[in-house]
Amino acid sequence: MITYDDLMALGPDAPLSADAARELVRAALEGSPTSARDVPQGSSAKRTFRRDVPGAPRRAVVAIGAFDGVHRGHRALVERARAEAEARGDELLIVTFSPDPDEVLAGPRARATLLPTAQRARALAALPGVDEVVTLDFTPELAALSAERFVREVLGELCELDAIVVGEDFRMGAGGAGDVAALAALGARDGFGVVGVRLADEGGEPITATRVRALVRAGRVERAAGLLGRCHRAGGAVVHGRGEGTSFGFPTANVALADALCVPDQGVYAGFVAAGDTAWPAALNVGAPPSFSPSASAPRSLIEANLIGFSGDLYGRDVEVVFVRWLRDSRPFDSLDELERTVLGNIGWVRAALGDGAVELGEARA
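Residues numbered from 1 in each chain as written. Predicted model: local features only at pLDDT ≥ 70, side-chain atom pairs only at ≥ 80, totals over all residues. Heavy atoms only, no water.

Draft legend 1. How the structure looks around the overall build of the chain. In terms of regular secondary structure, the chain is built from 12 helices and 15 strands. Across the 366 residues of the chain, 52% fall into the buried class. Look at the contacts in the chain between residues 6 or more apart in sequence, and 76% of them connect residues 24 or more apart. When the accessible surface of the chain is summed, it comes to about 15,700 Å², and 50% of that surface belongs to carbon and sulfur atoms. (Helix = DSSP H or I, 4+ residues; strand = E, 2+ residues; numbered from the N terminus. Buried < 20%, exposed > 50% of the residue type's maximum accessible area, 1.4 Å probe, protein only. Contact = heavy atoms within 4.5 Å. Areas by Shrake-Rupley, 256 points an atom, 1.4 Å probe, with all protein chains shown as cover.)

Have a look at this one:
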């Protein structure tokens, strides 16, 4: 589990070992198509509950939530649900939603997604004890269902419900009337249990996806990693850029991200870029460099990654960008010489702290 202190200790005088670099990247990529970490056999991300015997639904404990980011708080809730399922001799079913219910109820939000739907489902399925992950399409029609109808008509179609596990602040159903107390009253009538799990805490505040998003956008990626339990990552496709990085003598991958993904507002970061089973240390610039585009509106969905130890061609490939440490704010420079000295200094820090070559993620698979 990656902590804030772990990341803040990194530097040229306390560099990552090759094994530590591999595990840091693998932890960040858990649930990603580019990750070398395998999803346990028997777990999957799908929209229907798999039954071994047709017409004979398994009794299940159901954990419900948006689970964006699958952060430490979410993991604690799933662990509590796993213990409940084991005590009852049940399967553990995770129910999540796409899109995030907040986006349907309050409207779309730019740069609000910590983990895309498929990656979130994979990350949940990889957690210990999870038997199945179901992603429900969250539509206005689903939002309009009462909590009673949701439990009886939706969950009732998925399994024989034995217990529901949710966060203590959870609300569901029309008007958000289905809080823990209302669910418990329904459970008393229908014969299922309800567990409201106290929110995990860090520094006197609950760990929430909203808190993680705010930290990422502000560039405090180390603090965000402490709440996630892993470094934050964002995926996109490598596109052609302006070419200035190449003229300085180092390869640059320009990664175009979906507008929905949560990334820092701006700045330069130390991290990794992963493609397939290989990752490279990189200095990451978020937004158009002001020295080249002083009057342009910087695209927040573009990351320029100066790759260390890379040779070849990544154009058109999907990659994952892993944010490890903040290095500096973006700022204009008075000359190309000053810019080059600064960028090379950033790359030197990354090379000394994170490594000077490719990290093979396929070794010693979990």
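Draft legend 2. Focus on the pattern of salt bridges. The final tally for this structure, using the stated rule, is 22 salt bridges. One salt bridge in this structure joins Glu23 and Arg26, with 3.4 Å as the shortest N-O distance. Here Glu23 pairs with Arg26, and both are found in helix H2 (residues 18-28), just 3 residues apart, close to one helical turn. Of the residues examined, Glu23 reaches a relative accessible area of 36% and is grouped as partly exposed. A salt bridge links Glu30 to Arg75; the nearest nitrogen and oxygen atoms lie 3.1 Å apart. One end of the pair, Glu30, is in the loop between H2 and strand E1 (45-46); the other, Arg75, is in helix H3 (residues 72-88), and 45 residues separate them in sequence. Under the relative-accessibility criterion, Glu30 is labelled buried at 14%. Given the relative accessible area of 22%, Arg75 is considered partly exposed. Salt bridges here are not isolated pairs; linked through shared partners, they connect Arg59, Arg80, Glu84, Arg88, Glu160 and Asp162. (Salt bridge = Lys/Arg side-chain N within 4 Å of Asp/Glu carboxyl O.)

Draft legend 3. Quick look at the packing of helix H7 (residues 147-158) against helix H8 (residues 180-190). With their axes 10 Å apart at the nearest point, H7 and H8 run at an angle of 45 degrees to one another. Compared by their axis directions, H7 and H8 come out oblique. In the packing of H7 onto H8, the handedness of the crossing is right-handed. Packed against H7, whose contacting residues are Ala147, Glu148, Val151 and Arg152, the element H8 presents Leu183, Leu186, Arg189 and Asp190 at the interface. Looking at the contact of H7 with H8 residue by residue, the class counts come to 4 nonpolar, no polar and 4 charged. (Axes fitted to C-alpha atoms, helices over the stretch in contact; angles between N-to-C directions. Parallel < 35°, antiparallel > 145°, perpendicular 65-115°, else oblique. Left-handed = near helix turned anticlockwise from the far one by under 90°. Nonpolar A, V, L, I, M, F, W, Y, C, P; charged D, E, K, R; others polar.)

Draft legend 4. A look at the side chain of Thr96. Its location among the elements puts Thr96 in strand E3 (residues 91-98). For Thr96, a relative accessible area of 1% translates into the label buried. Engagement of the side chain of Thr96 in a polar contact is seen with the backbone oxygen of Ala66, the distance being 2.9 Å. (Polar contact = N/O pair within 3.5 Å; in protein donor to acceptor, adjacent residues only side chain to side chain.)

Draft legend 5. Summary view of the layout of surface pockets. There is about 910 Å³ of room inside the largest pocket. For the largest pocket, the lining is made up of 36 residues, of which Gly65, Ala66, Asp169, Phe170 and Arg171 are closest to its centre. Elements that contribute at least two residues to the lining of the largest pocket include exactly H3, helix H4 (101-105), helix H6 (140-144) and helix H9 (209-217). Here the element with the most residues in the lining of the largest pocket is H3; it accounts for 4 residues. Of the residues contributing to the lining of the largest pocket, the split by class is 20 nonpolar, 9 polar and 7 charged. (1 Å grid on protein atoms, 1.4 Å probe; cavity = no way out; pocket = protein on both sides within 12 Å on 5 of 7 lines; lining within 4 Å. Points joined across faces, edges and corners; volume = space filled by probe spheres on them.)

Draft legend 6. How the structure looks around unusual backbone geometry. Residue Pro99 is bonded to the preceding Ser98 through a cis peptide linkage, with omega at 0 degrees. Looking at the element boundaries, Pro99 is found in the loop between E3 and H4. We note that Phe67 has phi near 60 degrees; this positive angle belongs to a residue other than glycine. Its location among the elements puts Phe67 in the loop between strand E2 (59-64) and H3. With a relative accessible area of 3%, Phe67 lands in the buried category. Of note, the phi angle at Val70 is positive, near 45 degrees, even though the residue is not glycine. Relative to the elements of secondary structure, Val70 occurs in the loop between E2 and H3.

Draft legend 7. Region of interest: helix H10 (residues 221-228). The buried fraction of H10 amounts to 7 of the 8 residues, a majority that puts the element mostly inside the structure. At its buried positions, H10 is contacted by helix H1 (4-8), H3, strand E7 (201-202), H9, strand E11 (267-275) and strand E14 (318-328). Once H10 finishes, Gly229 follows within two positions and takes phi at roughly 85 degrees, a positive value.

Note that every value here comes from positions in space, so none of it alone points to a role or purpose.
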